[in-house]
Amino acid sequence: MDMHRKKRIEILLEAPAQKRLTDLLDRLDVNGYTVLPVIGGKGHHGVWSREGLPSAAGTMVSVSIIASEERLNEVLEPVFELVRRHIGIVTVSEVMVIRGDRF
């Protein structure tokens, strides 16, 4: 089976900024992304959980993108510009995919 090397960009971001991020990804013509709710975690300020929060304020989402090496900086730079103004982190890792033409 043929495998293709790609980059996974993972963005952990406060939920109220999600629409700004996905609108940006659409403007950048990103082929696809996945948004998942984050139920809790631990960071610089200790343990947190979305349980019991009355609104989206204080909650987090995780957005995952698979991109080609050639598009990495084109996508990563504007994404980081948005994320750095909010609570969030961006990571990049190498992944192998089966249907490389999709990314």
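Right, let's walk through the structure included here. Since the structure is predicted, the reported quantities are computational estimates derived from the model, not experimental observations.

## Considering the overall build of the protein
Scanning the protein from N- to C-terminus turns up 2 helices and 6 strands. In the protein, the succession of α and β elements from N to C terminus is β-α-β-β-β-β-α-β. Counting the 103 residues in the protein, one finds 34% classified as buried. For the protein, the proportion of contacts with a sequence separation of at least 24, taken over those separated by at least 6, is 79%.

## Quick look at the pairing of strand β1 (residues 4-14)
Taken together, the 10 bridges between β1 and strand β6 (residues 88-97) define a ladder with antiparallel strand orientation. The partner of I9 across the bridge, within β6, is V92. With 8 bridges connecting them, β1 and strand β5 (residues 60-67) associate as antiparallel partners. In the strand pairing of β5, I11 is matched with V63.

## Here's the deal with the side chain of S64
Structurally, S64 can be placed in strand β5. A distance of 3.0 Å separates a polar atom in the side chain of S64 from a polar atom in the side chain of E10. Not counting residues within four places of it along the chain, the set of residues in contact with S64 comprises R8, I9, E10, Y33 and T34.

## Quick look at the environment of V97
Along the polypeptide, V97 turns up in strand β6. Once the C-alpha coordinates of V97 and D2 are considered, the two residues, 95 residues apart in sequence, prove to be 8.6 Å apart. Filtering out sequence-adjacent residues up to four positions away, V97 remains in contact with D2, M3, H4, K6, I66 and F103.

## Notes on the sheet that holds β6
The pairing of strands in a sheet happens through backbone hydrogen bonds and is either parallel or antiparallel. With antiparallel pairing, 4 strands are arranged side by side in an open sheet as β2-β5-β1-β6. The two strands at the open ends of the sheet, each matched to only one other strand, are β2 (34-38) and β6. Pairwise comparison of adjacent strand axes, ignoring direction, gives a mean angle of 25 degrees for this sheet. Lying on the sheet, helix α2 (residues 72-83) is in contact with β1, β5 and β6; it crosses β1 at an angle near 10 degrees.

Reading guide: rules and limits
- Residues numbered from 1 in each chain as written.
- Predicted model: local features only at pLDDT ≥ 70, side-chain atom pairs only at ≥ 80, totals over all residues.
- Heavy atoms only, no water.
- Helix = DSSP H or I, 4+ residues; strand = E, 2+ residues; numbered from the N terminus.
- Buried < 20%, exposed > 50% of the residue type's maximum accessible area, 1.4 Å probe, protein only.
- Contact = heavy atoms within 4.5 Å.
- Pairing = 2+ DSSP bridges.
- Polar contact = N/O pair within 3.5 Å; in protein donor to acceptor, adjacent residues only side chain to side chain.
- Axes fitted to C-alpha atoms, helices over the stretch in contact; angles between N-to-C directions.

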